[in-house]
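Remarks on the overall topology
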Amino acid sequence: MDPQTQNTSLQRLQNVERRVVRVLDIAGGVMEELTNPSGPRRDLVKSLCGEFMQSIKDIQVTLREEIKSACEYRPFEKCDYNSRIANEICFQKLQYVLSQLDHLKITVDRYPSSD
């Protein structure tokens, strides 16, 4: 991922953050309106709820796009970490089996042969 793409991605995520804060403000406005002593104004609540839902959809779309673009960028694609760890685990298992075989040989050698 080149620096320009990273910068653009970061800007989009910062924009999402601002929209999340706005969504919380909208939710707060609805809560305030619902606690209004003279009763909530239906048109205002409806308008705020519509704006809330549209903002949530927009945020979801943006985040989905960012996740897709992040999945396309794979910096560790050629990394051999998994195969090295698997080899190390196999090596450790083999060492354990060899040590058990050595113990078994010692135990067998303690008993007289039946020849």
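Remember, it's a predicted structure, so these values are computed and weren't measured experimentally.

**Points about the overall build of the chain**
- A count of helices and strands for the chain gives 3 helices and 0 strands.
- Along the chain direction, N to C, the helices and strands of the chain fall in the order α-α-α.
- Among the 115 residues that make up the chain, the fraction classed as buried is 10%.
- Across the chain, contacts joining residues at least 24 apart in sequence account for 66% of those joining residues at least 6 apart.

**Topic: a nonpolar patch on the surface**
- Residues L94, Y96, V97, L98, L101, L104 and V108 make up a contiguous nonpolar surface patch of about 680 Å² in total accessible area.
- One can find L104 in helix α3 (residues 81-110).

**Observations concerning the pattern of salt bridges**
- Enumeration according to the criterion identifies 4 salt bridges in this entry.
- Between R12 and E66 there is a salt bridge, with the nearest N and O atoms lying 2.4 Å from each other. Taken as a pair, R12 in helix α1 (residues 3-34) and E66 in helix α2 (residues 42-72) lie far apart in primary sequence, 54 residues in all.
- With relative accessibility at 34%, the residue R12 sits in the partly exposed group.
- A salt bridge links E51 to R22; the shortest N-O distance between them is 2.9 Å. In this pair, E51 is assigned in helix α2 and R22 in helix α1, connecting sequence segments 29 residues apart.

**Focus: the side chain of S55**
- Among the secondary structure elements, S55 is positioned in helix α2.
- Once you skip the residues sitting within four places of it in the chain, S55 turns out to touch V23 and I26.

**Overview of the side chain of E33**
- Residue placement: E33 occurs in helix α1.
- Polar side-chain contacts of E33 include one of 2.8 Å to the backbone nitrogen of R41.
- With residues near it in sequence (within four places) discarded, E33 still touches G39, P40, R41, L44 and V45.

**A look at the environment of G29**
- When you line up the elements, G29 lands in helix α1.
- Overall, G29 belongs to the partly exposed group, its relative accessible area being 23%.
- Considering only alpha carbons, one finds G29 and C49, 20 residues apart in sequence, at a separation of 9.7 Å.

The rules behind the values
Every chain is numbered on its own, with residues counted from 1 as its sequence reads. Predicted model: local features are reported for residues with pLDDT of at least 70 only, side-chain atom pairs are reported and counted for 80 or more only, and whole-chain, interface and lining totals are derived from all residues. The side-chain quantities take in all heavy atoms of the structure and omit both hydrogens and water. The way it works is that DSSP assigns letters per residue, a run of H or I at least four long becomes a helix, a run of E at least two long becomes a strand, and they are numbered from the N terminus. Burial here depends on accessible area, computed with a 1.4 Å probe over protein chains only, as a share of the maximum for the residue type. Under 20% is buried, over 50% is exposed, and the range in between is partly exposed. A contact between two residues is defined here by any heavy atoms of the two lying within 4.5 Å. Residues form patches when they are more than 30% accessible in relative terms and have no salt bridge. Like charges link within 9 Å. Nonpolar side chains (Val, Leu, Ile, Met, Phe, Trp, Tyr) link within 5 Å. Using a 1.4 Å probe, the Shrake-Rupley method yields the accessible areas, and only the shown protein chains count as cover for residues. Here, a salt bridge means any side-chain nitrogen of Lys or Arg that lies within 4 Å of a carboxyl oxygen of Asp or Glu. In the analysis that follows, any N or O atom pair within 3.5 Å is treated as a polar contact, provided that within protein one partner can donate a hydrogen and the other can accept it, and provided that, for residues neighboring in sequence, both atoms belong to side chains.

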